[in-house]
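Geometric and topological summary
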Amino acid sequence: MTAGSLRVFRGALLAISVLSSLQVATASAEDRPAKEVFGHLALPSATVSQPIGSYAKGCQSGAIAMPTDGPGWQAMRLSRNRRWGQPQLISFLEQFSQDAQKIGWPGLLLGDISQPRGGPMLSGHASHQIGLDVDVWWRPMPDHRMSAQERETVPFISMLDKSKFLTVDDRKWSPLNARLVMMAASYPQVERVFVNPAIKQKLCQTWTGDRTFLGKIRPIYGHDEHFHIRLECPPGAANCKPQAPVGKGDGCDKSLAWWFTKEPWAPPKKDPNAKPIKPRQVMVSDLPAACAAVASAPARNADAMSAQAYAPAQASSQPSVESVIQAAPPVSPPADIPLPLQRPTLN
């Protein structure tokens, strides 16, 4: 073998080695638990915005952050870094917060939306994975802008009477609560609104207005301290997997009555002779193929995003919530989550 051909041979071996290393690294990433990968990504991908997969098995690219504060909302539990969503959801929340104030609701307290790149979370939700879900607290917004510490510690308010089985507490529930959740269901882009079965029953029994959208409001475990709004897959979002349409009717039927039987609450029956099965974690490779690329994509520039922090119109003597958070004692992880360069506009 000549010196020249030896160099070519060695170069080919090096190229094969590098390619093999990249393939191994990619395979290794895909074989990692999805919640560990997506739960530790602090910033969104610098790619086009799109929801990928289904609400409980997917991810999101090009997410934008819901601002911590606006004319009709305040974002809560900032340290979770779960206020990232698709542009359609952010625009919807801005509109919903304005409409809610028109009916007398003081403003929205917004809980979890999604992680910066969606995907399974380290704790909490099974859904909220593609940037189209959001939790809205039943507790109305206070008359002051809360500090970072308040947003971490202010307690939830349950709408249930905990001394009784699946019963709404009439000392807390009001017709305004009903109007708020019915308004949420009325938007055409809203696919479902999840509430506690007792709240669904209360609406079925007491709502005297238009019941057209009552069927969108679905009973589910928990959800007595917040309600969960889910948007449909946006038009043209080819990688978004929609749910089956909600059935006809108002949902005040046998499907609701089932929640008030013992069956939903009974512990699962166990076979004493069955061998214990260790639950299998969801891996990145279990998600849609595009999610591995989303996880490894470059992040948006954090410095540029922080410099473009959104501040709604307000009295000049009143500091922006971003400055309040930055001046507050730090929480872990930091609450000064960067915001994107561009904001969606309301229609």
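The structure contained in this document is the topic of the report that follows. Quick caveat: nothing in here was measured; it's all calculated off a predicted structure. (Residues numbered from 1 in each chain as written. Predicted model: local features only at pLDDT ≥ 70, side-chain atom pairs only at ≥ 80, totals over all residues. Heavy atoms only, no water.)

Helices and strands together make up the secondary structure of the protein chain, namely 10 helices and 11 strands. For the protein chain, the residues scored as buried account for 46% of the 347 residues in total. Expressed as a percentage of contacts within the protein chain between residues at least 6 apart in sequence, the contacts between residues at least 24 apart total 79%. Of the roughly 17,900 Å² of accessible surface on the protein chain, 58% is carried by carbon and sulfur atoms. (Helix = DSSP H or I, 4+ residues; strand = E, 2+ residues; numbered from the N terminus. Buried < 20%, exposed > 50% of the residue type's maximum accessible area, 1.4 Å probe, protein only. Contact = heavy atoms within 4.5 Å. Areas by Shrake-Rupley, 256 points an atom, 1.4 Å probe, with all protein chains shown as cover.)

As for its placement among the helices and strands, S45 is situated in the loop between α2 (34-38) and β1 (50-54). You can call S45 buried: its relative accessible area is 0%. Reaching out from S45, the side chain makes a polar contact with the side chain of T47 at a distance of 2.6 Å. Looking at S45, its side chain comes within polar contact range of the main-chain nitrogen of G62, at 3.1 Å. In contact with S45, other than residues within four places in its own chain, are S61, G62, R117, V294, A297, P298 and R300. (Polar contact = N/O pair within 3.5 Å; in protein donor to acceptor, adjacent residues only side chain to side chain.)

Right, let's get into the pattern of salt bridges. Following the criterion strictly, the structure yields 12 salt bridges and no others. Between D112 and R80 there is a salt bridge, with its nearest N and O atoms 3.0 Å apart. Taken as a pair, D112 in the loop between β7 (108-110) and β8 (133-137) and R80 in the loop between β5 (73-75) and β6 (84-85) lie far apart in primary sequence, 32 residues in all. A relative accessible area of 4% means that D112 is categorised as buried. Overall, R80 belongs to the partly exposed group, its relative accessible area being 39%. Here R192 ties to E191 by a salt bridge, and the two come within 3.4 Å at their closest N and O atoms. As far as the burial class goes, R192 and E191 line up, both buried. Taken together, the salt bridges that share partners define one network made up of R80, R82 and D112. (Salt bridge = Lys/Arg side-chain N within 4 Å of Asp/Glu carboxyl O.)

Counted according to the given criterion, the structure contains 11 aromatic pairs. Measuring from ring centre to ring centre gives 5.7 Å for F92 and F96, while their planes differ by 15°; the resulting arrangement is stacked. Taken together, the positions of F92 and F96, both in helix α3 (residues 87-102) and 4 residues apart, correspond to about one turn of that helix. Taken as a pair, F92 and F96 share a single burial class, namely buried. Seen from their ring centres, W137 and F156 are 4.3 Å apart, and the 45° between their planes marks the pair as tilted. Placement of W137 in strand β8 and of F156 in the loop between α4 (148-153) and α5 (175-186) is noted, with a sequence separation of 19 residues between them. Members of the aromatic cluster, joined through ring pairs, are F165, Y221, W258, W259 and W265. The ring of F156 is capped by R77, whose NZ or CZ atom sits 5.1 Å from the centre of that ring. Over the ring of Y55 we find R230; its NZ or CZ atom is 4.3 Å from the centre of that ring. (Phe/Tyr/Trp six-rings, centres within 6.5 Å; stacked < 30°, edge-to-face > 60°. Lys NZ or Arg CZ within 6 Å of the ring centre and 35° of its normal.)

On the surface, F165, Y221, W258 and W265 cluster together into a nonpolar patch covering about 410 Å² of accessible area. Assignment of secondary structure puts W265 in the loop between α7 (254-257) and α8 (290-296). Classification of W265 as partly exposed rests on a relative accessible area of 34%. (Patch = residues over 30% accessible without salt bridge, like charges linked within 9 Å, V, L, I, M, F, W, Y side chains within 5 Å.)

Okay, α5 next. With 12 residues, α5 ought to run about 16 Å at 1.5 Å a step, and its terminal C-alpha atoms sit 16 Å apart, in line with that. When α5 is considered as a whole, its buried residues turn out to be N177, A178, L180, V181, M182, M183, A184 and A185. Looking at the buried residues of α5, the elements they touch are α3, β7, β9 (190-195), α6 (197-206), β10 (217-219) and β11 (226-231). (Expected span 1.5 Å × (residues − 1).)

Summed over the entire model, instances satisfying the criterion amount to 3 disulfides. Note on cysteine connectivity: C59 is disulfide-linked to C291, with sulfurs 2.2 Å apart. Residues C59 and C291 are joined through a disulfide that is left-handed, its torsion about the S-S bond being -95°. Note that C59 is positioned in strand β2 (residues 57-61) and C291 in helix α8, a separation of 232 residues in sequence. (Disulfide = S-S within 2.5 Å.)

Note on strand geometry: in a regular strand, side chains alternate between the two faces of the sheet. Taken across its 5 residues, β8 has 5 buried, putting it largely inside the fold. Taking every second residue as pointing to the same face, both faces of β8 are buried, with D133, D135 and W137 on one and V134 and V136 on the other. Here β8 runs beside β11; their pairing, made up of 5 bridges, is antiparallel. Bridged to V134 within β11 is I229. (Pairing = 2+ DSSP bridges.)

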